[in-house]
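What the coordinates show
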Amino acid sequence: EQPELHHIYGGLVDITARKQAEAALAAHLQFLQLLLDTIPNPIFFKDSQGAYLGCNKAFENLKKFLAEVNAEMSTRFEQAAERQGNKITVIIVKT
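So, here's what we can say about the structure. Every value quoted in this text rests on a predicted model; they were computed, and no experiment measured them.

Topic: the pairing of strand 2 (residues 52-55)
In the sheet, strand 1 (residues 44-46) pairs with strand 2 via three bridges, with the strands oriented antiparallel. Among the inter-strand pairings, lysine 46 is bridged to a residue of strand 2, identified as tyrosine 52. Joining the antiparallel neighbours strand 1 and strand 2 is a turn of five residues, in which glycine 50 adopts a positive phi near 90°.

Here's the deal with the packing of aromatic side chains
Inspection of every chain in the model, using the stated rule, returns three aromatic pairs. Taking 5.6 Å as the distance between ring centres and 65° as the angle between the ring planes, the aromatic pair formed by phenylalanine 44 and tyrosine 52 counts as edge-to-face. Residue classification places phenylalanine 44 among the partly exposed positions, given a relative accessible area of 40%. Given the relative accessible area of 44%, tyrosine 52 is considered partly exposed. Ring pairs connect the aromatic residues Phe44, Tyr52 and Phe59, which therefore count as one cluster. A cation over a ring is seen here: lysine 46 above tyrosine 52, with NZ or CZ 4.6 Å from the ring centre. The residue whose ring lies beneath lysine 63 is tyrosine 52, and the NZ or CZ to ring-centre distance is 5.1 Å.

Observations concerning the pattern of salt bridges
Per the stated rule, a full pass over the model turns up three salt bridges. A cluster of three or more residues bridged by salt bridges with shared partners is formed by Arg18, Lys19 and Glu22.

Some thoughts on a nonpolar patch on the surface
Where nonpolar side chains cluster on the molecular surface, the patch consists of Leu25, Leu29, Phe31, Leu32 and Leu35 and spans about 460 Å² of accessible area. Within the element layout of this structure, leucine 35 appears in helix 1 (residues 16-38). With relative accessibility at 42%, the residue leucine 35 sits in the partly exposed group.

Procedures and definitions
- Residues numbered from 1 in each chain as written.
- Predicted model: local features only at pLDDT ≥ 70, side-chain atom pairs only at ≥ 80, totals over all residues.
- Heavy atoms only, no water.
- Pairing = 2+ DSSP bridges.
- Helix = DSSP H or I, 4+ residues; strand = E, 2+ residues; numbered from the N terminus.
- Phe/Tyr/Trp six-rings, centres within 6.5 Å; stacked < 30°, edge-to-face > 60°.
- Buried < 20%, exposed > 50% of the residue type's maximum accessible area, 1.4 Å probe, protein only.
- Lys NZ or Arg CZ within 6 Å of the ring centre and 35° of its normal.
- Salt bridge = Lys/Arg side-chain N within 4 Å of Asp/Glu carboxyl O.
- Patch = residues over 30% accessible without salt bridge, like charges linked within 9 Å, V, L, I, M, F, W, Y side chains within 5 Å.
- Areas by Shrake-Rupley, 256 points an atom, 1.4 Å probe, with all protein chains shown as cover.

Structure, rendered in structure tokens:
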């Protein structure tokens, strides 16, 4: 047999101000991104560990372009290596 329920407790919290603040913050962040995207120079920002946190459209376009160039150069290198019987030595020096 189940015990009888005698009382129910509850509460209400008005979160209107919080929701308004969240909406205002989202609108502000959207404005800042739009502002960054109108700058023609590539801009990016990272956290203290070096992970990307964000960038503008110019930086996105630059990364895309560099990836395409890198892919094209890799293909050309592979083709040249095949023509030379894979007898190409590559030395990479980082400064």
